[in-house]
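Listed below, chain by chain, are the residues.
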Amino acid sequence: MYFTDRGIEELTDRRGEEEVSLAWLAERLREFVDLNPEFETPVERLATWLARLDDEDEE
């Protein structure tokens, strides 16, 4: 188990029944980076990965 799995599990346990928009998620990511600028690159990579999940050109 990766260290991040604990945070992901907590997210699922606490908020797993909620539905959110991608706009809401994007705003939370912006807020997180504003508060934690050292995580700008990993958050950018995650956002880019999520944005491109359905890209057929990536296969």
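Model, not experiment: these values are computed from the prediction.

A. The overall build of the protein chain, seen in detail. Helix and strand counts for the protein chain come out as three helices and zero strands. Its helices and strands taken in sequence order, the protein chain reads α-α-α from the N to the C terminus. The C-alpha atoms of the protein chain give 13 Å as radius of gyration, which overshoots the globular expectation for 59 residues (10 Å, by more than 25%). Its C-alpha atoms give the protein chain principal-axis dimensions of roughly 35 × 25 × 25 Å. Among the 59 residues that make up the protein chain, the fraction classed as buried is 5%.

B. Region of interest: the pattern of salt bridges. For the structure shown, the criterion picks out four salt bridges. Across the salt bridge formed by Arg 15 and Glu 18, the nearest N and O atoms sit 3.0 Å from each other. A residue is classified by how much of its surface remains accessible, and Glu 18, at 41% relative accessible area, is partly exposed. We note a salt bridge from Arg 28 to Glu 31, for which the minimum N-O separation is 2.8 Å. On the criterion of helical spacing, the pair formed by Arg 28 and Glu 31 is a turn pair, its members being three residues apart in helix H2 (residues 22-35).

C. Focus on the packing of H2 against helix H3 (residues 40-51). In the contact formed by H2 and H3, the axes pass within 10 Å of each other and the chain directions differ by 165°. When the axes of H2 and H3 are compared, the pair comes out roughly antiparallel. As H2 runs across H3, the sense of the crossing is left-handed. Contacts between H2 and H3 involve Leu 25, Leu 29, Phe 32 and Val 33 from the former and Glu 40, Val 43 and Leu 50 from the latter.

D. Layout of the environment of Leu 46. Summarising the element assignment, Leu 46 is placed in helix H3. Considering only alpha carbons, one finds Leu 46 and Arg 30, 16 residues apart in sequence, at a separation of 12 Å.

E. Structural view of the packing of aromatic side chains. On inspection of all chains with the given rule, the structure shows one aromatic pair. Measuring from ring centre to ring centre gives 5.6 Å for Phe 32 and Phe 39, while their planes differ by 45°; the resulting arrangement is tilted. Looking at Phe 39, the relative accessible area reads 37%, which means it is partly exposed.

F. Seen up close, the environment of Leu 50. Note on placement: Leu 50 falls in helix H3. According to the relative accessible area criterion, Leu 50 is partly exposed, its value standing at 35%. Taking the C-alpha atoms as reference points, Leu 50 and Thr 12, 38 residues apart in sequence, are found 18 Å from one another.

Cut-off values and rules
- Residues numbered from 1 in each chain as written.
- Predicted model: local features only at pLDDT ≥ 70, side-chain atom pairs only at ≥ 80, totals over all residues.
- Heavy atoms only, no water.
- Helix = DSSP H or I, 4+ residues; strand = E, 2+ residues; numbered from the N terminus.
- Rg over C-alpha atoms; globule rule 2.2 N^0.38 Å.
- Buried < 20%, exposed > 50% of the residue type's maximum accessible area, 1.4 Å probe, protein only.
- Salt bridge = Lys/Arg side-chain N within 4 Å of Asp/Glu carboxyl O.
- Axes fitted to C-alpha atoms, helices over the stretch in contact; angles between N-to-C directions.
- Parallel < 35°, antiparallel > 145°, perpendicular 65-115°, else oblique.
- Left-handed = near helix turned anticlockwise from the far one by under 90°.
- Contact = heavy atoms within 4.5 Å.
- Phe/Tyr/Trp six-rings, centres within 6.5 Å; stacked < 30°, edge-to-face > 60°.

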